[in-house]
Amino acid sequence: MNALSTHFLRAATIYAVIGMALGNYMGASGDHSQMPTHAHLLLLGWVSMAIYGLFYRGLPSEPASKLMVAHKWLAHISLIALTCGLAAMFAGHYAVEPVVGLASIIALINMAIFSVIVFKATKA
Ligand code: HEM
Ligand code: HEM
């Protein structure tokens, strides 16, 4: 599973750079209106993906299962839809709220998928 681990660790650092750049902008400008975008980009993009990467690092190096591949892509799709939607919403475009709602549901389902992956990988 090391390819998946490498994928998530690398992606996590990219989301961290973007999220921290937004944090720096917020600090420098004094405009904190994008705080939820900053918080969720870093917590779902940097922290969660780094955890996924470290988890996969500990698994034997076998081809990824279909569930793992689904989890990988849904993680990116939901994060990008959620953060772009939040960014638009907090810039005043409230019509995108359904996108944020849908992305939130996908993110939640995807965490449940990750839970199944963890349970399968850790069963005695
Ligand atoms: C270059 C690094 C960073 C800068 C300059 C930065 C800047 C900021 C700023 C200006 C705020 C708004 C504070 C407020 O309005 O009360 C904020 C909030 C927040 N940041 Fe960052 N941040 C950085 C890194 C991070 C990282 C690495 C994480 C998570 C792993 C993070 C998570 C959060 C969260 C969760 C909030 C919301 C806190 C709350 O609910 O009061 N930030 N950040
Ligand atoms: C499906 C995914 C998620 C949804 C739909 C969601 C939704 C929300 C909502 C509605 C708020 C309140 C925002 C506000 O009052 O302006 C919030 C705040 C917060 N959430 Fe999440 N969340 C999700 C995932 C997470 C995760 C995975 C973490 C941490 C690992 C997290 C950490 C936080 C923190 C620290 C705050 C306070 C910072 C802020 O106000 O922006 N959330 N979240």
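Preceding this section is the structure that the text describes.
In this report, we go over the structure that sits alongside the text. (Residues numbered from 1 in each chain as written. Chains lettered and ligands numbered in written order. Predicted model: local features only at pLDDT ≥ 70, side-chain atom pairs only at ≥ 80, totals over all residues. Heavy atoms only, no water.)

A short note on the overall build of the protein
For the protein, the helix and strand inventory stands at four helices and zero strands. Mapped in sequence order, the helices and strands of the protein form the string α-α-α-α. Its C-alpha atoms give the protein principal-axis dimensions of about 50 × 30 × 20 Å. Relative to its 124 residues, the protein shows a buried fraction of 35%. The contacts of the protein with a sequence gap of at least 6 include a subset with a gap of at least 24, amounting to 77%. Entry remark: accessible area of the protein is about 7200 Å², with carbon and sulfur atoms responsible for 74%. (Helix = DSSP H or I, 4+ residues; strand = E, 2+ residues; numbered from the N terminus. Buried < 20%, exposed > 50% of the residue type's maximum accessible area, 1.4 Å probe, protein only. Contact = heavy atoms within 4.5 Å. Areas by Shrake-Rupley, 256 points an atom, 1.4 Å probe, with all protein chains shown as cover.)

A closer look at the coordination of the iron atom of ligand 2
There is one protein donor for the iron atom of ligand 2, and it is His40 (NE2), at 2.1 Å. Tracing the backbone shows histidine 40 in helix 2 (residues 35–57). (Donors = N, O, S within 2.8 Å, 3.2 Å for Na, K, Ca; no water.)

Here's the deal with the site of ligand 1
As a structural note, the neighbourhood of ligand 1 is formed by 13 residues, with Gly23, Asn24, His32, His38 and Leu42 the closest of them. At 2.5 Å from an oxygen atom of ligand 1 is found a side-chain nitrogen or oxygen belonging to histidine 32. Histidine 38 places a polar side-chain atom, nitrogen or oxygen, 2.8 Å from a nitrogen atom of ligand 1. At the level of secondary structure, the elements contributing two or more residues to the shell around ligand 1 comprise helix 1 (2–29) and helix 2. Across the shell around ligand 1, the residue classes break down as eight nonpolar, five polar and no charged. (Near = heavy atom within 4 Å. Polar contact = N/O pair within 3.5 Å; in protein donor to acceptor, adjacent residues only side chain to side chain. Nonpolar A, V, L, I, M, F, W, Y, C, P; charged D, E, K, R; others polar.)

Topic: helix 4 (residues 97–122)
The end-to-end C-alpha distance of helix 4, which contains 26 residues, comes to 37 Å, matching closely the 38 Å that a straight helix rising 1.5 Å per residue would cover. Residues of helix 4 that are buried: Val100, Ala103, Asn110, Ile113, Phe114 and Ile117. The secondary structure elements touched by the buried residues of helix 4 are helix 2 and helix 3 (66–89). (Expected span 1.5 Å × (residues − 1).)

Observations concerning helix 1
Counted at 1.5 Å a residue, the expected span for helix 1 with its 28 residues is 40 Å, and the 40 Å between its end C-alpha atoms agrees. Looking at helix 1, one finds that the buried residues are Leu4, Ser5, Phe8, Ala11, Ala12, Tyr15, Ala16, Gly19, Leu22, Gly23 and Met26. On the buried face of helix 1, the contacting elements are helix 2 and helix 3. Glycine 30 lies just past helix 1 and shows a positive phi near 75°.

Examining the site of ligand 2
Close to ligand 2 lie Met35, Pro36, Ala39, His40, Leu43, Leu44, Ser104 and Ala107, which account for all nearby residues. Side-chain polar atom of histidine 40 to a nitrogen atom of ligand 2: 2.9 Å apart, as the coordinates give it. Those elements giving two or more residues to the shell around ligand 2 turn out to be helix 2 and helix 4. The greatest single-element share of the shell around ligand 2, amounting to six residues, is contributed by helix 2. Here the shell around ligand 2 is composed, by residue class, of six nonpolar, two polar and no charged.

So, the nonpolar core
Grouped together as the largest cluster of nonpolar side chains are 18 residues, with contacts concentrated most on Phe8, Met49 and Tyr56. Those elements that place two or more of their residues in this core are helix 1, helix 2, helix 3 and helix 4. Take this core: its biggest share by element is six residues, from helix 2. Formed by five residues, the second largest nonpolar core is a distinct cluster that contains Leu82, Met89, Val100 and Ala103. (Core = buried A, V, L, I, M, F, W, Y, C linked by side-chain atoms within 4.5 Å.)

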